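Descriptive analysis of the structure
Each chain, written out:
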Amino acid sequence: MEPLLSINGLKTHFFTSEGVVRSVDGVDLTIRRGETLGVVGESGCGKSVTALSVMRLIPSPGRIVEGAIIFKNSDLAKVPEKEMRDIRGNEIAMIFQDPMTSLNPVYTIGMQIAETIRLHKGFDKKKGIQRAVELLRQVGIPRAEQIVDEYPHRLSGGMRQRVMIAMAMACDPKLLIADEPTTALDVTIQAQILDLMRALKKEHGTSILMITHDLGVVAEMCDRVVVMYGGKVVEQADVETLFEHPAHPYTRGLLQSIPSLEEEKEWLDSIPGNVPIPSEMPEGCKFAPRCPHAMDRCHIEEPPLYELAGGQKSRCFLAAGEGTLCRMSY
Ligand SMILES: Nc1ncnc2c1ncn2[C@@H]1O[C@H](COP(=O)(O)OP(=O)(O)OP(=O)(O)O)[C@@H](O)[C@H]1O
Ligand SMILES: [Mg+2]
């Protein structure tokens, strides 16, 4: 199937006074029409910077230094800012972990949604507010006609995230990027928000890029998954394959460290060591210093992303040794 968005060889670096931080350092991934693609990995591996690169919202001193982000025959890494403004919101919308970062505290909920609709659909204010009420109802907000007149701080975290989803969906985007949309919410509200996103995907055929550290969310929501480590994709697979036959030692570590209800385990404590900081990336495989299977070669040479059967990919020499695999990209 033709992809909706393809990221090819993306590098996004931050040019800080202490040196260059290679947050995203050669990421390839594609999102197909109507699918939910999960992006997982420990804190600092470059998930948010990848998402912000797609939106072209990289804060200074960062910038996209290499690669292409192909969406509808345009390269988002290069389109003029004006064109990007049309795409943002209209075609690609993003919701964040903390909705307060994107809601404006001095305007009512209704005004903010109406303004988004006015900008993208050309509705006047009155029509915009009417549409805002409809959208708030759709995302399960009770008393929507009163909530439009409220300010963001008067709502709970779950309600604010619903407002963000309503705002994101106001323009019926082709792609919704959700960066840890439920991390800050309690479990019941989290389940409701995920249900809502699933319903939107079903009704509108929206593709979703779901960034999460929660493998439970991945299992429930995603069709395919990309695992990131040290600014690179280390594994890619459809969701069943990832859980049943992970092909990278890092993914195996992630799966082993899913917290169980009996033991309150911290996420990832079964993988010894820490994520390398981008300014001190090891030579060779970035995961080698923590990998129980590392060979001498892994500390010297970086493995390419090998293509395995069924579209699975793994950046590990051992995966390459397991079958007839061909070399993909570096
Ligand atoms: N404005 C910035 N200036 C310098 N470095 C940055 C900046 N923003 C991000 N980075 C660095 O880029 C790397 C990747 O950050 P990113 O926010 O993408 O991680 P993440 O995978 O989203 O992590 P988390 O799970 O904690 O959200 C981190 O090491 C971070 O310190
Ligand atoms: Mg992040």
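Keep in mind it's a predicted model, so treat the numbers as computed, not measured.

**A short note on the site of ligand 1**
Neighbouring ligand 1 are 12 residues, the closest being Ser 23, Ser 43, Gly 44, Lys 47 and Ser 48. Between ligand 1 and Ser 23, the relevant distance is 2.6 Å, taken from an oxygen atom to a side-chain nitrogen or oxygen of the residue. Here an oxygen atom of ligand 1 and a side-chain polar atom of Ser 48 are 2.8 Å apart. Contributing elements (two or more residues each) for the shell around ligand 1: β1 (3-16) and α1 (47-55). The biggest single contributor to the shell around ligand 1 is α1, with three residues.

**With respect to the nonpolar core**
A general trend in soluble globular proteins is that nonpolar side chains are found buried together. The biggest cluster of nonpolar side chains holds 64 residues, and the ones touching the most others in it are Ile 113, Leu 136, Ile 165, Met 197 and Met 210. Here this core spans two domains, and each of domain 1 (3-222) and domain 2 (228-314) adds at least three residues to it. The residues touching Ile 113, leaving out its near neighbours within four places in the chain, are Ala 132, Leu 135, Leu 136, Val 163, Ala 166 and Met 167. In terms of nonpolar packing, the next biggest core, distinct from the first, is built from 34 residues, Cys 45, Ala 51, Phe 71 and Ile 211 among them.

**What about the environment of Lys 232?**
Following the sequence through the fold, Lys 232 ends up in strand β10 (residues 232-238). Residues Lys 232 and Lys 47, 185 residues apart in the sequence, show an inter-C-alpha distance of 9.5 Å. Separated by 3.0 Å, the side chains of Lys 232 and Glu 302 make a polar contact.

**Observations regarding the packing of helix α6 (residues 157-169) against helix α7 (residues 187-204)**
In the contact formed by α6 and α7, the axes pass within 10 Å of each other and the chain directions differ by 10°. On the basis of their axis angle, the class for α6 and α7 is roughly parallel. Contacts from Gly 158, Gln 161, Arg 162, Ile 165 and Met 169 of α6 reach α7 at Ile 189, Gln 192, Ile 193, Leu 196, Met 197 and Leu 200. Its residues placed into classes, the contact of α6 with α7 shows seven nonpolar, three polar and one charged.

**A look at the pattern of salt bridges**
Should the charged atoms of two oppositely charged side chains come close, the side chains can pair. Applying the stated criterion across every chain, the model contains 17 salt bridges. Measuring nitrogen to oxygen at the nearest pair gives 3.1 Å for the salt bridge that ties Glu 150 to Arg 154. Lys 286 is the salt-bridge partner of Glu 302, the closest N and O atoms lying 3.7 Å from each other. Pair noted here: Glu 302 is in the loop between α10 (249-256) and β11 (306-307) and Lys 286 is in the loop between α10 and β11, with a separation of 16 residues, a long-range link. Where salt bridges share partners, they join Asp 25, Lys 232, Lys 286 and Glu 302 into one cluster.

**As for the packing of aromatic side chains**
Applying the stated criterion to the full structure yields four aromatic pairs. Measuring from ring centre to ring centre gives 6.5 Å for Tyr 306 and Phe 317, while their planes differ by 65°; the resulting arrangement is edge-to-face. Within this pair, whereas Tyr 306 is found in strand β11, its partner Phe 317 is found in helix α11 (residues 317-321), the two being separated by 11 residues in sequence. Accessibility expressed as a relative area gives 6% for Tyr 306, which makes it buried. An aromatic cluster is present here, built from Tyr 229, Tyr 250 and Phe 287 joined pairwise through their rings.

**Structural notes on unusual backbone geometry**
A negative phi angle is the norm for most residues apart from glycine, just as the trans form is the norm for most peptide bonds. Looking along the chain, the bond that leaves Ser 60 and enters Pro 61 is cis, with omega of 5°. Topologically, Pro 61 is positioned in the loop between α1 and β4 (62-71). At Arg 56, a residue that is not glycine, the phi angle is positive and equals roughly 55°. Tracing the sequence through the fold places Arg 56 in the loop between α1 and β4. Overall, Arg 56 belongs to the partly exposed group, its relative accessible area being 22%.

**Some thoughts on the pairing of strand β3 (residues 36-40)**
Counting buried residues in β3 gives five out of five residues, a clear majority hidden from the surface. Burial of β3 is two-sided: the residues Thr 36, Gly 38 and Val 40 facing one way and the residues Leu 37 and Val 39 facing the other way are all buried. Both β3 and strand β8 (residues 207-211) contribute to a ladder of four bridges, which runs parallel. Residue pairing in the sheet places Gly 38 in a bridge with Met 210 of β8. One ladder, built from four bridges, connects β3 with strand β9 (residues 224-229); its direction is parallel. Across the sheet, Gly 38 pairs through a bridge with Val 225, a residue of β9.

Reading guide: rules and limits
Residues numbered from 1 in each chain as written. Chains lettered and ligands numbered in written order. Predicted model: local features only at pLDDT ≥ 70, side-chain atom pairs only at ≥ 80, totals over all residues. Heavy atoms only, no water. Near = heavy atom within 4 Å. Polar contact = N/O pair within 3.5 Å; in protein donor to acceptor, adjacent residues only side chain to side chain. Helix = DSSP H or I, 4+ residues; strand = E, 2+ residues; numbered from the N terminus. Core = buried A, V, L, I, M, F, W, Y, C linked by side-chain atoms within 4.5 Å. Buried < 20%, exposed > 50% of the residue type's maximum accessible area, 1.4 Å probe, protein only. Domains from an automatic or database assignment. Contact = heavy atoms within 4.5 Å. Axes fitted to C-alpha atoms, helices over the stretch in contact; angles between N-to-C directions. Parallel < 35°, antiparallel > 145°, perpendicular 65-115°, else oblique. Nonpolar A, V, L, I, M, F, W, Y, C, P; charged D, E, K, R; others polar. Salt bridge = Lys/Arg side-chain N within 4 Å of Asp/Glu carboxyl O. Phe/Tyr/Trp six-rings, centres within 6.5 Å; stacked < 30°, edge-to-face > 60°. Pairing = 2+ DSSP bridges.

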